[in-house]
Amino acid sequence: MKKARPENRSAKLEVRQATQKDVAGIVALVDRAYDRMPGYSRGMIRGQINNYPEGQFVALYEGTIAGYCATMRLDERLALAPHSWNEITNDGFGSRHDPTGDWLYGFEMCVDPDLRGVRIGQRLYDARKALAERLELKGIVLGGRMPAFSRHRKRVGTAEEYLAQVRAGKIRDPIIGFQLRNGFEPLGLLKDYLPEDNSSGGFAVLLVWRNPYVDPDEPAKFRVPRGVESVRIATCQFQARAVASFDEFIRNVEYFVDVASDYRSDFIVFPELFTLQLLAFEKKELSPAEAIDRLTDHTPKLTAELARMALKYNVNIVGGSHPTRAEDGDIQNVAFVCLRDGSVHAQEKIHPTPNERYWWNIKGGDRIDAIQTDCGPIGILICYDSEFPELARRLVDEGARIIFVPFCTDSRQGYLRVRYCSQARAIENQCYVVLSGNVGNLPNVENMDIQYAQSCILTPCDFPFARDGIAAEASENVETLTISDVNLADLTWARAEGTVQNLADRRFDLYRINWSAQQRSERPQPAIPTSGSHSPGGG
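Note that the structure is predicted; figures quoted are calculated from it, not measured. (Residues numbered from 1 in each chain as written. Predicted model: local features only at pLDDT ≥ 70, side-chain atom pairs only at ≥ 80, totals over all residues. Heavy atoms only, no water.)

Undergrad: Before we go on, may I ask you to explain the side chain of T409 in this structure?
TA: Mapped onto the elements of the fold, T409 is located in the loop between β14 (402–407) and α13 (412–429). For T409, a relative accessible area of 8% corresponds to the buried category. Each residue touching T409, except ones within four places of it in the same chain, is listed here: C383, G414, Y415, V418, I450, Q451 and Y452. (Helix = DSSP H or I, 4+ residues; strand = E, 2+ residues; numbered from the N terminus. Buried < 20%, exposed > 50% of the residue type's maximum accessible area, 1.4 Å probe, protein only. Contact = heavy atoms within 4.5 Å.)

Undergrad: Please explain helix α9 (residues 246–262) as it appears in this structure.
TA: Every α-helix winds through 3.6 residues per turn, so residues three or four apart in the chain are directed the same way. With 17 residues, α9 ought to run about 24 Å at 1.5 Å a step, and its terminal C-alpha atoms sit 24 Å apart, in line with that. For α9, the elements touching its buried residues are β8 (230–240), β9 (267–269), α10 (288–313), β10 (316–325) and β18 (480–487). Where α9 ends, the next residue or the one after it, R264, has phi of about 55°, a positive value. (Expected span 1.5 Å × (residues − 1).)

Undergrad: I keep staring at unusual backbone geometry and nothing clicks. Help me out?
TA: Excluding glycine, residues mostly carry a negative phi; peptide bonds, for their part, are mostly trans. One non-glycine residue, N314, adopts positive backbone phi at about 55°. Mapped onto the secondary structure, N314 falls in the loop between α10 and β10. Residue classification places N314 among the partly exposed residues on the basis of a relative accessible area of 48%. The backbone of C383 shows a phi angle near 50°, a positive value even though the residue is not glycine. Note on placement: C383 falls in the loop between β13 (378–380) and α12 (389–397).

Undergrad: Is there a simple way to think about the sheet that holds strand β2 (residues 57–61) in this case?
TA: Hydrogen bonding along the main chain pairs the strands of a sheet, whether they run parallel or antiparallel. Spatially, 7 strands are ordered β1-β2-β3-β4-β5-β7-β6 in an open sheet, and the strand pairing comes out mixed. The outermost strands of the open sheet, each flanked by one partner alone, are β1 (13–17) and β6 (185–190). Pairwise comparison of adjacent strand axes, ignoring direction, gives a mean angle of 25° for this sheet. As judged from the 6 bridges shared by strand β5 (residues 139–144) and strand β7 (residues 204–210), these two strands associate in the antiparallel manner. When the bridges of β7 are listed, L142 appears paired with L207. Relative to the sheet, helix α1 (residues 23–33) contacts β2, β3 (64–74) and β4 (103–111), its axis offset from that of β3 by approximately 100°. (Pairing = 2+ DSSP bridges. Axes fitted to C-alpha atoms, helices over the stretch in contact; angles between N-to-C directions.)

If you want it as structure tokens, here you go:
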């Protein structure tokens, strides 16, 4: 008699590297695990994964995210010095990751409270240890919370005495005890590590696990390989011209998309307000309010056409910007980003200029986030936004390595403000910044009388890059397409081993950017017709 074949069953528990598709699940998990402390925004989790994909792990139990741990590499000088969670993680983004760091630093570990007995935490710690061993790092450092301290504080008096009694086995602390059993040794206490962690009194224990396969007395020297991660960018210096119909405007746009595709470009970017040409075929002069309503009527067709072209020509399209009325009635200046995977994203301009507020009653947006693409995360700063360094820094903390700046300026002075500020953003964030502007004039359309532009692709100023920090630039005030290859791997090298290391050398002990609760909340992006605070952290 034949035995029945065993039924094939998928694994109930899986530990793997986290991906961008896990972001929503991780945010929900953290909210469940820390019901009395504020959680992460999606932008923070995106930043953690983008800044060090290899170091973020999720545990899936029957297909649902049930555990998460976040890590980064740090130099010993930084990892073992006194610090707070905010300082060491840059408010939860993990952007202080150093690819040449000799220690793995764990700054988040959480498990679904309904699955505490499945030993998910142990498996995540094992994944961390395996990573440290494979990379031949000195070991793992973390700040361990002391959640039972508040219950015993009156009896033991000090955090030092509490830790001593935990080590002696006289007090049971679920987190510190777990880490001691996993081979971690305490080096001391971190005061004000998480001030809002009342159960720990704000303290954390500085814990280390030493890699048994590495000689601690032999200095390690890690280098970043000078690899090639090439991305081809096309910036369109677009001629403002009268068109007779929406279809004629789209044909003009599609011409340049086609040419960029022929050159196998990964991105093409159009200028700010390039869609104001759609007002040129109106039969009567429109008031600003009427003009916005007409542009809003074109919004569904515009996004549909850009999405169609992105798929047809296999190129990611940064659709300049388009004034449109949002669902809440506010008028926004929006960049629609149509990717070649068929997805459509929107980024509002955060800072409208005085001119935009006066003529169009445009309101500033309240969210800015990196956009995931098949070439890595990118950011959008619409014209005037490039003159506010906090925005670029936020995008880079989320992992953006290319920032696109669609602009519209009517004079050389205005253009140079955008140009000089964009060059500064490239240097201080060690990223690429791509400018695209309008040229020519558009009679009978308010605010588009004359245009001045010299579109360009800007780089940091260091040895791997162009001599003058300019990868490519167009001739002034001529309609053209400017194309250049950039190497994203050069940015990784420069951030770790460059002549200056602006990102790594920030003084987190002195200053920080504190985004409002509105930005940290996951407010929906602007409507697309085609389709908080920091974490509890600790270990």
